[in-house]
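A structural walkthrough
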Amino acid sequence: MKRTLGSVVGACALLVSVSASGQLVKGAPTVRLDTAGKNAVDDLTWRTAEGGGVVFNAAAAVVTGTDKLVQTSVGPREWEPVTLKGPIPGASSARFVTDLGDAVVTMSTDGIKVGKLSMPSADPSVKQYRPGTPSIGNVTFGVRRPAPAAIAAWRATALQGLDARKTITVELRGAGGEVLRKYTLQQCQPVSFSGVNVKPGVETLDTVVARCARIDVAGSARPGFVSWLTSFNAGVDYRRNVTLVEGVRRFSYGDAWILEYGLPALDKRTEGEAVETVVFQPATVTGP
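Let us look at the structure shown here. Small disclaimer: the values here were computed from a predicted structure and weren't measured. Within any chain, residue numbers begin from 1 and follow the written order of that chain's sequence. For this predicted model, a pLDDT threshold of at least 70 governs which residues receive local features, and a threshold of 80 or more governs which side-chain atom pairs are given and counted, while totals over whole chains, interfaces and linings are taken from all residues. Water and hydrogen atoms play no part in the side-chain values, which are based on all heavy atoms of the structure.

**A closer look at the state of the cysteines**
In this description, the term disulfide denotes a pair of cysteine sulfurs within 2.5 Å. Evaluation of the coordinates by the stated rule reveals one disulfide. Here Cys 188 engages in a disulfide with Cys 212; their sulfurs sit 2.4 Å apart. Classification of the bridge connecting Cys 188 and Cys 212 rests on its S-S torsion, roughly 95 degrees, and on that basis the disulfide is right-handed. Separated by 24 residues along the polypeptide, Cys 188 in strand 14 (residues 179-193) and Cys 212 in the loop between strand 15 (206-211) and strand 16 (214-218) bring together distant segments of the chain. Burial status follows relative accessibility: with a 1.4 Å probe on protein chains alone, a residue under 20% of its type maximum counts as buried, one over 50% as exposed, and anything between as partly exposed. According to the relative accessible area criterion, Cys 188 is buried, its value standing at 0%. Secondary structure counts use DSSP, requiring at least four H or I residues in a row for a helix and at least two E residues in a row for a strand, with both numbered from the N terminus.

And the structure:
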């Protein structure tokens, strides 16, 4: 794919501090995203980073020795994906709004996943991959009764056999009302609307399940990461170079692309962290 944007370079450093007892205590990872022509911005909000190791595939097997044990030789190697996970800075899961109405109190989704396809490699000892077709999992809304007008009209349209595709926005807002994360669920086609659901003594919600064509991500939290997701959705320059530093060890991940993005599960009825996850696949790894 032709690269139409400047490279974005990330540096991920595991901070190390010394406790009162003198023991080393590791902190959360720091992610740095550099956009060409702009100063680096450190992001201290990711909680964990893991993966990126090397896996050796088995090559042709041979029978050796008098015991006739089958021995396999080391085949081409490949690189594991890397996972970053952490709560969206400043976003309480109780502070989300959607244009489906205030009666929508929960939202969950299977997230965004990208197929991983084999591609030719200049080095036969290394397996290489390229992104496949992105897919969006089902999005499920939990709705208090009675159903709001927007959902009742959506259901009626679907029952009439008309075009029921609908674009839905969901916003996570900070304490001051700022939009920390905005999800635009494009062309959502209804999969199901719930029927009878009675559980005495507990609050029960109606459910609406939809499949969306694309999820656009915006907002002020983690701007470098949002820029990466935006370019990924646009199909341009989705690759990034990321560096992970852990103490004296340093790993460099070249031409990494987003393999999976997990949206946070949201519930207005409970306070809690809105945790998002990104998995990226490096093309090359050097270090430590």
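**Some points on the layout of surface pockets**
A pocket, in this scheme, is an open set of points on a 1 Å grid over the protein atoms alone with protein on both sides within 12 Å along at least 5 of 7 lines, while a cavity is a set where a 1.4 Å probe fits but cannot get out; residues line either one if an atom lies within 4 Å of a point. Grid points are joined across faces, edges and corners, and a volume is the space filled by probe spheres set on the points. Considering only enclosed or pocket space, the largest pocket measures out at about 350 Å³ in volume. Taken together, 17 residues form the lining of the largest pocket, with Arg 130, Pro 131, Tyr 238, Arg 239 and Trp 257 sitting closest to its centre. Residue assignment for the lining of the largest pocket shows that the elements contributing at least two residues are strand 11 (128-136) and strand 18 (249-262). By residue number, the principal contributor to the lining of the largest pocket is strand 11, which donates seven residues. Here the term charged refers only to Asp, Glu, Lys and Arg, the term nonpolar to Ala, Val, Leu, Ile, Met, Phe, Trp, Tyr, Cys and Pro, and the term polar to all other amino acids, Gly among them. Among the residues making up the lining of the largest pocket, the classes are represented as 10 nonpolar, four polar and three charged.

**Notes on the nonpolar core**
Nonpolar core, defined: a set of buried Ala, Val, Leu, Ile, Met, Phe, Trp, Tyr and Cys residues in which side-chain atoms within 4.5 Å join the residues together. Among the nonpolar cores identified, the biggest contains 56 residues, and Phe 141, Val 170, Tyr 183 and Leu 185 are the most heavily contacted of them. For this core, the element with the most residues is strand 18, which contributes seven residues. When checking whether two residues touch, look at their non-hydrogen atoms; a contact exists if any pair is within 4.5 Å. The residues touching Phe 141, leaving out its near neighbours within four places in the chain, are Leu 100, Val 104, Thr 106, Met 107, Ile 168, Val 170, Leu 185, Asp 206, Thr 207 and Val 208.

Coordinates in, geometry out; function isn't part of it.
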